[in-house]
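# Structural overview
The chain contents come next:
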Amino acid sequence: MPTHADPPPAHRGPSPTALRILARARSRPDATALVWRGTGISYRELGDRASRAAGRLAEPPGYGPVAVVAEKSPDTIALLLALLAAGRPFLLPSPTLAEPVLRRLTDAAGCVATLSTVEYAGPAAAPATGPPQDGVTFMLTTSGSTGVPKVVPLRGSAVDRFTTWAAARFEIGPRTTVLSYAPLEFDLSLLDVWATLVAGGTVVLVERERATAAGYLADLLRHVDVVQAVPMLYHLLAEHGGIADLPARHVIATGDTLPDRTLAALPELFPRARLYNLYGCTETNDSFLHELDPRARPVPLGTPVDGVRSVLVDADGGLVTGPGVGELLVHTPFQTDGYLDPELTAAKFTELGDGSRYFRSGDLVRRHPGGALTLEGRTDFQVKVRGVRVNAQAVERALLEHDDVTEAVVLAVPHPVAGNTLHAVVRAHGVDSLTLRRHCAARLALAAVPSAFTFADEPLPRTGTGKPDRGRIARDHVNAVVK
Amino acid sequence: MPQTAADPTGEVTRFVLTEFLPDVAADRLDPDEDLVASGVIDSLGLLKLIAWLADRFAVPVDEVDLDPDAFRSVAAIAAFVTATAGRG
């Protein structure tokens, strides 16, 4: 049983994020904080709703972390604001998680209760690991596309540094409207929602159920100054047809590779916007920013955000100082102190000679002779095909460079002789596998040319964060390949 | 008797399409297409092809020189078959 008598730890005070937002509620109470289903919600009302939610926070026993199912709504945001104001850590699990995964996560985060805006779900099981470190606010989770989601606790001070940077960099201030496309549990919301509220701007919330309806999204975007989203949003807008001349001033693509066709469509969709590619991981938040030139390929990572340091490390652990490929290790002012599990932390964080802790991103990055950095793929997607090291994501990127390819996922399928063979699942118009093989062979080592192609008629299934759902694609498409 | 007289191009084309390019229309495959350079036939594919040639055209694979260049295209494979089939 959780104990009810724990005194509140001395370090628990309101986070800077909450203080700044509540100050907005006092200085400009009638300014619109949120737009939800066509209705504005003022900073005063957001503050009032947070105060009401704060009353319910006495219910969960003890002072431990709580889980808030991240259903996107003004009430969820008000509840999170109340938790930030109380200095109480919270885990933000996706509403789409299956019950056993949710349970593992809340246990791992030591949550004493699961809150929703609807009801108090009662105390959870006893914590399996220790409580998060002092000063933790958000506990985000990694996207889990390659395994079980990991809990990423963020200190209030790190979140504050991030929201301050993001608001300044993308000119978010009072009267700026920002689209919130990503789910609340995704790190993108630290910019879309929290940097905007800190800056006194207006967050336009996209309803989860309508996140793929291009007409609806275009209607929202007619009143938005800043938009950050995975390439899927821009792809949807571009493919819909007839959408153009949206007024945004800053348009940021992040989280995935921007396909050529989508990149080429951006200037017409957003003629007044500066276009960016933003690179970051949940553990570090945004690390590299690149202002896009729609004609230049491949898209570089860009330059490090203020205060960010990075190195490339080769497979033997040596620093890659000149041109070459290595895993990107990055240190940012916004990063987590580590996972809740010390073993995981030791595996993914390392202290380098400058005394700073660097995060092993798992991303393979190429440094070109001029110094530009480009993504090669994930170290996780590194496989051997006929003895040759191949990165399945580099093959995907090559396929996406073909004008007629709209989506491409390349899966490594274990093979008794070859080690692995590559299966490409492609959505394309009017090309056959011979054309695509030639296209790949012109860009990649021969071992990286997929040995099987499947053509999908429908959009490929994606996860809640807009990344290809590799598990489902493998089930739905690769089993259908007849050799 | 194994086939030796007729031009094997059509049959080789059908095998390559069925085995390696199931989505490709027959008229899209140029007999001179470099199947190795375009990644259609890799080393495993080559083994599969040779096994089929041995079976279908009685190519004595243990005796002839298996020059990879002989298998670069449908035309090259057909020429190889014409030159060696049934010889053993």
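Counting from 1, residues in each chain are numbered in the order their sequence is written. Chain A is the first chain written and ligand 1 is the first ligand written, with later ones labelled in order. Local features are withheld for residues below a pLDDT of 70 in this predicted model, meaning they are given only at 70 or higher, and side-chain atom pairs are given and counted only at 80 or more; totals for whole chains, interfaces and linings count all residues. The basis for every side-chain value is the complete set of heavy atoms in the structure, and neither hydrogens nor water enter the calculation.

For the rest of this paragraph, the subject is the overall build of chain A. Runs of H or I in DSSP of at least four residues are treated as helices and runs of E of at least two as strands, each being numbered from the N terminus. If you tally the helices and strands in chain A, you get 13 helices and 25 strands. We compute the radius of gyration over the C-alpha atoms and compare it with the globule rule, which gives 2.2 Å times the number of residues raised to the power 0.38. Over its C-alpha atoms chain A spans a radius of gyration of 23 Å, differing by no more than 12% from the 23 Å that the globule rule assigns to 483 residues. Dimensions along the principal axes, computed over C-alpha positions, put chain A at roughly 65 × 50 × 45 Å. Out of the 483 residues in chain A, the part that is buried amounts to 56%. Pairs of residues are marked as contacts when any of their non-hydrogen atoms sit within 4.5 Å. Pairs at least 24 residues apart make up 62% of the contacts formed inside chain A by residues separated by at least 6 positions. As presented, chain A carries roughly 19500 Å² of accessible surface, and 52% of it is formed by carbon and sulfur atoms. In this tally, Lys and Arg are treated as positive and Asp and Glu as negative; His is ignored, and so are the chain termini. All charge positions are set by atom: Lys at NZ, Arg at CZ, Asp at CG, Glu at CD. Each charge sign in chain A was given a centre, from 49 positive and 51 negative side chains, and these centres are 1 Å apart. When accessible area is computed with a 1.4 Å probe and restricted to protein chains, residues below 20% of their type maximum are described as buried, those above 50% as exposed, and intermediate ones as partly exposed. Calculation of accessible area relied on Shrake-Rupley with a 1.4 Å probe; when residues are assessed, cover is drawn exclusively from the protein chains displayed.

Residues and elements named next belong to chain A. Domain boundaries shown here were taken from an automatic or database domain assignment. What the domain assignment reports for chain A is domain 1 (212-377) and domain 2 (386-482). Computed over C-alpha atoms only, the centres of domain 1 and domain 2 are separated by 22 Å. With 14 residues of domain 1 at the contact, the number on the domain 2 side is 16 residues. When two components associate, each loses some accessible surface as probed by a 1.4 Å sphere; the sum of these losses over both components is called the buried area. Taking both sides of the interface into account, the surface hidden between domain 1 and domain 2 amounts to around 1200 Å²; carbon and sulfur atoms contribute 51%. For salt bridges, the criterion is a side-chain nitrogen of Lys or Arg within 4 Å of an Asp or Glu carboxyl oxygen. Across the domain 1-domain 2 interface, the total number found is zero salt bridges. Pairs of N or O atoms within 3.5 Å make up the polar contacts considered here, provided that, within protein, one atom can donate a hydrogen while the other can accept it, and that residues adjacent in sequence are counted only when both atoms are side-chain atoms. Our count for the contact surface shared by domain 1 and domain 2 stands at three residue pairs in polar contact (both at pLDDT 80 or more). Mapped onto the side of domain 1 that touches domain 2, the elements with two or more residues apiece are helix 8 (231-240), helix 9 (260-269) and strand 20 (373-378). For the side of domain 1 that touches domain 2, a count of residues per class yields five nonpolar, four polar and five charged. Under the scheme applied here, ten amino acids are nonpolar (Ala, Val, Leu, Ile, Met, Phe, Trp, Tyr, Cys and Pro), four are charged (Asp, Glu, Lys and Arg), and all others, including Gly, are polar.

What follows is about unusual backbone geometry. The phi torsion at Glu171 of chain A lies on the positive side, around 55 degrees, for a residue other than glycine. Tracing the sequence through the fold places Glu171 of chain A in the loop between helix 5 (156-169) and strand 9 (177-180). Among the residues examined, Glu171 of chain A registers a relative accessible area of 47% and is labelled partly exposed. You will see that Ala58 of chain B, though not glycine, has its phi angle at about 55 degrees, which is positive. In this structure, Ala58 of chain B sits in the loop between helix 2 (43-57) and helix 3 (74-84).

Right, let's talk about the UniProt feature "domain: Carrier" (unreviewed entry) in chain B for a bit. UniProt positions are given in the numbering used here, feature names are shortened, and annotations may be inferred rather than shown by experiment. Following the UniProt record, one finds the feature "domain: Carrier" (unreviewed entry) at residues 7-85 of chain B. Helix and strand shares over residues 7-85 of chain B are 48% and 0% respectively, and the end C-alpha atoms of the span are 12 Å apart.

What follows covers the interface of chain A and chain B. Contact residues are listed per partner, giving 16 residues for chain A and 17 residues for chain B. Taken together, both faces of the contact between chain A and chain B bury some 1400 Å²; the carbon and sulfur share is 53%. Taken as a group, Arg386, Leu434 and Arg437 of chain A account for 37% of the area that chain A buries against chain B, more than any other trio of residues on that side. The interface formed by chain A and chain B contains two salt bridges. In this structure, Arg28 of chain B engages Asp432 of chain A in a salt bridge whose closest nitrogen and oxygen atoms are separated by 3.0 Å. Between the two partners, chain A and chain B, sit five residue pairs in polar contact (both at pLDDT 80 or more). Looking at the side of chain A that touches chain B, the element that brings in the most residues is helix 12 (residues 433-441) of chain A, giving six residues. Taken together, the residues of the side of chain A that touches chain B sort by class into seven nonpolar, four polar and five charged.

All names here are of chain A. Alternating residues of strand 10 (residues 202-205) divide into Thr202 and Val204 and Val203 and Leu205, and every residue in both groups is buried. When DSSP locates at least two bridges between a pair of strands, those strands are taken to pair. Across two bridges, the pairing between strand 1 (residues 32-36) and strand 10 is parallel. For Leu34, the partnering residue across the bridge sits in strand 10 and is Val203. As defined by bridge partners, strand 9 adjoins strand 10 across four bridges and the pair is classed as parallel. Along strand 10, the bridge assignment pairs Ser180 with Leu205. In this fold, the crossover linking strand 9 to strand 10 by way of helix 6 (residues 189-198) has right-handed handedness. Clockwise travel from the first strand over the helix to the second, with the strands pointing away from the viewer, marks a crossover as right-handed.

Before going further, it helps to examine helix 7 (residues 214-221) of chain A. Here helix 7 of chain A lies mainly inside the structure; six of its eight residues are buried. Every buried residue of helix 7 of chain A is accounted for by Ala214, Tyr216, Leu217, Ala218, Leu220 and Leu221 of chain A.

Residues and elements named next belong to chain B. Confidence of the predictor at the level of single residues is captured by pLDDT, which takes values from 0 to 100. Of all residues in chain B, 91% have pLDDT values of 70 or greater, and the mean over the chain is 85. Across chain B, element-level confidence peaks in helix 1 (residues 9-20) with a mean pLDDT of 94 and bottoms out in helix 2 with 87. With a pTM of 0.73, the predicted complex shows an ipTM of 0.80.

Another aspect to go through is the sheet that holds strand 25 (residues 452-455) of chain A. Residues and elements named next belong to chain A. Taken in spatial order, the three strands of this open sheet run 23-24-25, and their pairing is mixed. Two strands close off the open sheet at either side, each with one partner strand: strand 23 (405-415) and strand 25. The sheet shows a mean angle of 25 degrees between the axes of neighbouring strands, taken without regard to direction. The pairing of strand 24 (residues 419-428) with strand 25 spans four bridges and is classified as parallel. Bridge pairing in strand 25 places Val426 opposite Phe455. Convention adopted: a line fitted to C-alpha atoms gives each axis, helices being fitted over their contacting stretch, and angles between N-to-C directions are expressed from 0 to 180 degrees. Running at roughly 125 degrees to strand 25, helix 12 makes contact with strand 23, strand 24 and strand 25 of the sheet.

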